[in-house]
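# Fold and geometry: a report
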Amino acid sequence: MSERIRLGVNIDHVATVRNARGGLYPDPVRAAQEAIAAGADGITAHLREDRRHISDADIDSLSAVLRDQARPLNLEMAVTQEMLAIALHHRPAAVCLVPEKREERTTEGGLDVVGGHNWITPFVGRLKNAGSRVSLFIGPDPHQVEAAARTGAAVVELHTGSFCDAVRDRRLDAAAADLEALRAAAAQAHGLGLEVHAGHGIDYDTVAPIAAIPQVMELNIGHFLIGEAIFVGLGPAISKMRELMDRARGAMA
Ligand SMILES: CC(=O)[C@@H](O)[C@H](O)COP(=O)(O)O
Ligand SMILES: NCC(=O)COP(=O)(O)O
């Protein structure tokens with residue numbers, strides 16, 4: 001399996017910069033349009049309960065603009081009634097259910113689907129009935145993968161944060177173990193009929209081994225690309241990430 005791997009660009013941290021001063025600049029919608037023009041296959045935005053970056057107005061605008069451009073919005077959200085109502089209103093192409101803790105700096109772990117099965121499953125059903133493709137953001141844990149398949153979700157997005165942190169910190173044994181866990185979880189999920197995505201903390205140094213996992217069909221990458229855009233521009237940052245993804249995939253063929 002060496003189909004072209006999709007790139008979803010997460011624009012949360014364009015909104016972080018905007019919110020640092022208030023006002024409207026830089027505009028996440030413009031970032032989404034420039035990301036699409038640079039080759040992104042879709043846009044991911046995380047509407048957090050505390051609205052620390054992406055706002056409800058951003059989601060309103062992104063929904064309209066991406067629908068007009070026939071590009072998917074992947075709305076990341078917590079499993080709450082508030083977020084469900086927002087998702088049912090916008091009916092985005094994709095919804096990714098993620099865990100949230102108010103005190104966290106960023107998403108720390110994956111969704112506990114094993115523990116939350118009874119309330120996650122009907123939540124998935126409501127979103128599917130509204131026409132959204134539902135993804136569950138989970139760690140590369142075989143029990144979580146199996147539970148995710150039982151919810152009726154179409155996709156699992158594997159949390160790559162532990163692997164990326166280990167590579168950054170040069171903890172090579174931990175990185176190897178994390179990569180093996182990602183590979184095993186991807187194969188297991190695919191075998192259960194789930195589409196496999198991956199994301200969190202991916203940068204130029206970590207994208208290749210993740211993109212080389214044959215079952216992975218989409219990467220969602222944000223913080224690093226927005227940071228790199230400060231130095232080289234969003235388009236060139238995305239183009240380089242795209243090239244690294246395609247090279248990793250091509251090496252598999
Ligand atoms: C789920 C995930 O890993 C990210 O997409 C998430 O959006 C991270 O949260 P922040 O963007 O707030 O860091
Ligand atoms: N789900 C992962 C995502 O959308 C982007 O995560 P990051 O690259 O901002 O860490």
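Each remark here, short or long, concerns the structure printed above.
It should be emphasised that the depicted structure is a prediction, and the values quoted were computed from it without experimental measurement. (Residues numbered from 1 in each chain as written. Chains lettered and ligands numbered in written order. Predicted model: local features only at pLDDT ≥ 70, side-chain atom pairs only at ≥ 80, totals over all residues. Heavy atoms only, no water.)

## As for unusual backbone geometry
Heads up, the rule is: Note on conventions: DSSP H or I runs of at least 4 residues are helices, E runs of at least 2 residues are strands, and numbering of each starts at the N terminus. The buried label applies to any residue whose accessible area, calculated with a 1.4 Å probe on protein chains only, is under 20% of its type's maximum; exposed applies above 50%, and partly exposed to all values in between.
Look at the link from Tyr25 to Pro26: it is a cis peptide, with omega at -10°. By secondary structure assignment, the location of Pro26 is in the loop between helix H1 (12–21) and helix H2 (28–37). Phi is positive for Arg51, close to 50°, though the residue is something other than glycine. Within the secondary structure, Arg51 sits in the loop between strand S2 (42–46) and helix H3 (56–68). For Arg51, a relative accessible area of 21% puts it in the partly exposed group. Positive phi outside glycine occurs at Arg91, with the angle close to 45°. Residue placement: Arg91 occurs in the loop between helix H4 (81–90) and strand S4 (94–97).

## Here's the deal with the pattern of salt bridges
Note that side chains of opposite charge can pair when their charged atoms are close. Stated precisely, the cut-off is as follows: Only one rule defines a salt bridge in this text: a Lys or Arg side-chain nitrogen within 4 Å of an Asp or Glu carboxyl oxygen.
Following the criterion strictly, the structure yields 18 salt bridges and no others. Note that Glu104 and Arg48 form a salt bridge whose closest N and O atoms lie 2.9 Å from each other. One end of the pair, Glu104, is in the loop between S4 and helix H5 (113–129); the other, Arg48, is in the loop between S2 and H3, and 56 residues separate them in sequence. Grouping residues by exposure puts Glu104 and Arg48 together as buried. Note that Glu146 is salt-bridged to Arg150, the shortest N-O span being 2.9 Å. Here Glu146 pairs with Arg150, and both are found in helix H6 (residues 142–151), just four residues apart, close to one helical turn. Residue Glu146 is classed as partly exposed on the basis of its relative accessible area, which comes to 34%. The partly exposed category is assigned to Arg150, whose relative accessible area is 47%.

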